[in-house]
Amino acid sequence: FETWRPRLDPTERESLRVVYDAALTYAMHPERMPPFFVMTGSNGWGKTRLAYSILNRTLEQGGFGLFITAPDMLDSLREGYKVDNLTPADYANYDLKRALDYETTLRLYKELALLVIDDLGKEYQGRGSTGGQSWAQEKIYQIINERYTQKRRTVITTNLGEAHFDPAIWRPINDTHSATCLV
């Protein structure tokens, strides 16, 4: 938190002090905040840095969590399918220390004490209406919905607004009783 310096003019930087203070409160006193903390806005004002700072402060306090971009999260799930289908001949050529099976990976994202998802929505950009997009939406929905219903701490950053998301995904993110949306 101490090194957060968004690349903005001084007037904009002052208006973002509110965001900084909310992120610091979320990290230091999570019991005072709803479980979802969402930062939306354009590139360059420090959403990712603040999200990472929340995770670092949680780890410093002895908590557990993970920081991952939405596309990397989906890639790790896809990688889990490969692990599930390895034959003994494949083991020699595959780094099993890095990959978890699909079910374990999905459960990890659903159950971690703190999950930081950076760049939510980035996984959809540049893709047409393909089966891959609907698979991605389904997996994102499963993770977010489980975390929402179980009230697990979740930090999300995105450059996109409500119009870019499936309503089933956006609803828990923007729920005024469970999320803090900062624009």
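## Here we look at the overall build of the chain
- Each helix and strand counted, the chain has seven helices and five strands in total.
- Sequence-ordered secondary structure for the chain, helices as α and strands as β, is α-α-β-α-β-α-α-β-α-β-α-β.
- Residues counted as buried form 43% of the 183 residues belonging to the chain.
- Pairs at least 24 residues apart make up 74% of the contacts formed inside the chain by residues separated by at least 6 positions.
- When the accessible surface of the chain is split by element, carbon and sulfur atoms take 50% of a total near 9,900 Å².

## Quick word on the environment of Ala 168
- Relative to the helices and strands, Ala 168 is located in helix 7 (residues 167–173).
- For Ala 168, a relative accessible area of 26% puts it in the partly exposed group.
- In sequence terms Ala 168 and Asn 145 are 23 residues apart; their C-alpha atoms lie 8.5 Å from each other.

## Notes on the nonpolar core
- By size, the foremost hydrophobic cluster in this structure holds 26 residues, and its most contacted members are Met 73, Leu 77, Leu 115, Leu 120, Ile 144, Ile 156 and Ile 173.
- At the level of secondary structure, the elements contributing two or more residues to this core comprise strand 1 (36–40), helix 4 (70–84), helix 5 (102–111), strand 3 (114–118), helix 6 (131–149) and helix 7.
- Setting aside residues up to four positions removed in sequence, Ile 144 forms contacts with Phe 36, Leu 120, Ile 156, Ile 169, Pro 172 and Ile 173.
- Judged by nonpolar contacts, the second largest core, of 18 residues, contains Leu 16, Tyr 20, Leu 55 and Val 155.

## Looking at the packing of aromatic side chains
- With the rule as written, the count across this model stands at four aromatic pairs.
- When the centroid spacing of 6.2 Å and the interplanar angle of 80 degrees are considered together, the rings of Phe 36 and Tyr 148 count as edge-to-face. Of this pair, Phe 36 sits in strand 1 while Tyr 148 sits in helix 6, and the two are 112 residues apart along the sequence.
- Relative to Trp 170, the ring of Phe 165 has its centre 5.3 Å away and its plane inclined at 25 degrees; by these criteria the two rings are stacked.
- What makes Phe 165 buried here is its relative accessible area of 6%.
- Looking at Trp 170, the relative accessible area reads 8%, which means it is buried.

## Things to note about the confidence of the model for the chain
- Here the chain averages 81 in pLDDT, while 74% of its residues score no lower than 70.
- Across the chain, strand 3 holds the top mean pLDDT of 96, while helix 1 (residues 10–15) sits lowest at 66.
- Segment residues 126–131: pLDDT under 50, and three contacts once partners within four positions in sequence are set aside and those in other chains are kept.

What counts, and at which threshold
Residues numbered from 1 in each chain as written. Predicted model: local features only at pLDDT ≥ 70, side-chain atom pairs only at ≥ 80, totals over all residues. Heavy atoms only, no water. Helix = DSSP H or I, 4+ residues; strand = E, 2+ residues; numbered from the N terminus. Buried < 20%, exposed > 50% of the residue type's maximum accessible area, 1.4 Å probe, protein only. Contact = heavy atoms within 4.5 Å. Areas by Shrake-Rupley, 256 points an atom, 1.4 Å probe, with all protein chains shown as cover. Core = buried A, V, L, I, M, F, W, Y, C linked by side-chain atoms within 4.5 Å. Phe/Tyr/Trp six-rings, centres within 6.5 Å; stacked < 30°, edge-to-face > 60°. pLDDT = per-residue confidence, 0-100.

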